[in-house]
Amino acid sequence: MPRLENGLKMLAKGYAWLPDERRRTGRRTVATRLGGMPAYGTEGPEAARFLYDEDHVRRSHAIPEPVQGTLFGKGAVHTLDGEMHRVRKAMFVALLMREDGIASLAKQATTAWDAAADEWACRPEIVLFDEAGQVIAGAVARWAGVAVHDHEIPGLARDLLAMVDGFASGGVRHVRARRARGRRERWLSQLVRDVRSGVTAVPQGSAVDVVARHRDAGGEQLDSHVAAVELINIIRPTTAVAWFLAFSGHALIRWPQHRERLADGDPAFTEAWAHEIRRFYPFAPFIGGRAPHEVTFDGERIPENAMILLDLYGQNHDPELWGDPYAFRPERFLDRPIGEFELVPHGGGDPRTNHRCPGEQITVALLAALSGKLARLDYEVPEQDLTIALHRIPAKPASGVVLTVRGAA
């Protein structure tokens, strides 16, 4: 077991850290040390299957406070295990995995996109990342039952994006993320209290309604603060699809030969495009948990309480899984089934029963629909910095993808 701390190396290399460690050692599973604790980084379908088994890995007490204080929120479903997790997770599954609910959100988002596109054509240029964030934030907030006025949407989008942008950083980005979370938790806590007291009415079956009424495994209602945390855990990751939309714009610039086919709107290809964007581009670097007792994996004896990390970026670029993984080829998803432990940008396994993100289908639906809309826009690409730095977590094109929009095609 290495004695040297690897936290600084992880921060310096970002997404490349674990893949580089595996190449250096020649092993799929590498032993390292983070925050003074032993940690084991691994990848591959069997590693994903291992990590999502609660007999091997637990999430409670595993998520560092800086990540809870920015990305997930304290008391969130991500920090639970066992029956507590299953009951809370069932609420998210019911809200986020219904086909009619997914279709309704996609319709609201595409309608908002069309309205925004008309306005974009009146400006010298737009930043796709920022505009996509506003389109999606407004759509998902209203879909969830949160009443927002048009003038409130830019501020809401900035806060939701800031929570994601600052979770793995220090300095200004991290402070901005904490402040944004505090503002939105207070705002939604008050909304939950108003709904429960009858001061505010929300649509029956909406996310606000369901979260406000939810009872945990012990039969108790969620504290209004925890309820606010879980509402943010619906609208924040959905708004984070803005990262994938920026990557989609980046891909259309780099590989314009796909644009016509994407613009045609064939559902099979737009979905394949969404999968390839999620596989090819960097978003979450890894996920992890703690060993509840001594376990063994891939020949490594992993002590109790050690961190176990699944390298998401490395697995999504594993040549044994994807062949030529650094080639951008949406067609790879047209004729192959996807194993539940293979493509893992949102985790692995069954989202109904474990920690895989239940909003993955919403992400795919929004990304497919809005990428088709993007391909149909009439735009020019001015000179800009489109580099994507792998040491920055979460990564994105440096410019945010600047476009001069002439109108919808």
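Structure: see above.
Because the structure is a prediction, the values reported are computed rather than measured.

S.K.: Could you give me a rundown of the overall build of the chain, with the residues and numbers involved?
M.R.: A tally of helices and strands in the chain yields 17 helices and 9 strands. Taken over the C-alpha trace, the chain has a radius of gyration of 21 Å; the compact-globule value for 409 residues is 22 Å, and the two agree within 12%. Dimensions along the principal axes, computed over C-alpha positions, put the chain at roughly 60 × 55 × 40 Å. Here the chain holds 409 residues, and the buried ones make up 57% of them. Nonlocal contacts in the chain, meaning residues at least 24 apart in sequence, comprise 72% of its contacts between residues at least 6 apart. Of the side-chain charges in the chain, 51 are positive and 53 negative, and the distance between the mean point of each set is 4 Å.

S.K.: Tell me about the sheet that holds strand β4 (residues 286-290), and name the residues and values.
M.R.: Consider a sheet: its strands pair through backbone hydrogen bonds, and that pairing is either parallel or antiparallel. The sheet built from 4 strands is open, its strands ordered β1-β2-β7-β4 with mixed pairing. The open sheet has two edge strands, β1 (30-34) and β4, and neither has a second partner. Taking each pair of neighbouring strands and ignoring which way they run, the sheet shows an average axis angle of 30 degrees. Direction of pairing for β1 relative to strand β2 (residues 37-42): antiparallel, over a ladder of 5 bridges.

S.K.: Help me get a handle on unusual backbone geometry, residues and values and all.
M.R.: Proline 394 follows isoleucine 393 through a cis peptide bond whose omega is -5 degrees. Here proline 394 shows up in the loop between β8 (377-380) and β9 (402-408). The backbone of asparagine 305 sits at a positive phi, close to 75 degrees, despite the residue not being glycine. Checked against the element boundaries, asparagine 305 lands in the loop between β6 (300-302) and β7 (307-311). Of note, the phi angle at valine 401 is positive, near 70 degrees, even though the residue is not glycine. By the secondary structure assignment, valine 401 is in the loop between β8 and β9.

S.K.: Provide a residue-level description of the pairing of β2, including the pertinent values.
M.R.: Burial analysis of β2 places 5 of its 6 residues in the buried class, the great majority of the element. Hairpin geometry of β1 and β2 is characterised by an intervening segment of 2 residues between the two adjacent antiparallel strands and by a positive phi of about 55 degrees at glycine 35. Here β2 pairs with β7 via 4 bridges, running parallel. Bridging across to β7, tyrosine 40 finds its partner in isoleucine 308.

S.K.: Explain the nonpolar core to me, and be specific about the residues and the numbers.
M.R.: One finds Trp113, Trp120, Ile234 and Ile277 to be the most contacted residues of the largest nonpolar core, which totals 97 residues. When residues in this core are grouped by element, the largest group, 11 residues, is from helix α7 (residues 128-144). With near-sequence residues (within four places) excluded, isoleucine 277 lies in contact with Phe244, Phe247, Ser248, Ala251, Phe328 and Leu367. Grouped together as the second largest cluster of nonpolar side chains are 17 residues, Phe50, Ile308, Leu310 and Val344 included.

S.K.: If you had to explain helix α14 (residues 267-280) to someone new, which residues and values would you point to?
M.R.: Between its terminal C-alpha atoms α14 stretches 20 Å, which fits the 20 Å expected from 14 residues at 1.5 Å a residue. With 11 of its 14 residues buried, α14 lies for the most part within the structure. Residues Phe269, Thr270, Ala272, Trp273, Ala274, His275, Glu276, Ile277, Arg278, Arg279 and Phe280 constitute the buried set of α14. In this structure, the buried residues of α14 make contact with α12 (241-254), α13 (259-264), α15 (312-315), α16 (319-322) and α17 (360-376).

Calculation criteria
- Residues numbered from 1 in each chain as written.
- Predicted model: local features only at pLDDT ≥ 70, side-chain atom pairs only at ≥ 80, totals over all residues.
- Heavy atoms only, no water.
- Helix = DSSP H or I, 4+ residues; strand = E, 2+ residues; numbered from the N terminus.
- Rg over C-alpha atoms; globule rule 2.2 N^0.38 Å.
- Buried < 20%, exposed > 50% of the residue type's maximum accessible area, 1.4 Å probe, protein only.
- Contact = heavy atoms within 4.5 Å.
- Lys, Arg positive; Asp, Glu negative; His and termini not counted.
- Charge placed at Lys NZ, Arg CZ, Asp CG, Glu CD.
- Pairing = 2+ DSSP bridges.
- Axes fitted to C-alpha atoms, helices over the stretch in contact; angles between N-to-C directions.
- Core = buried A, V, L, I, M, F, W, Y, C linked by side-chain atoms within 4.5 Å.
- Expected span 1.5 Å × (residues − 1).

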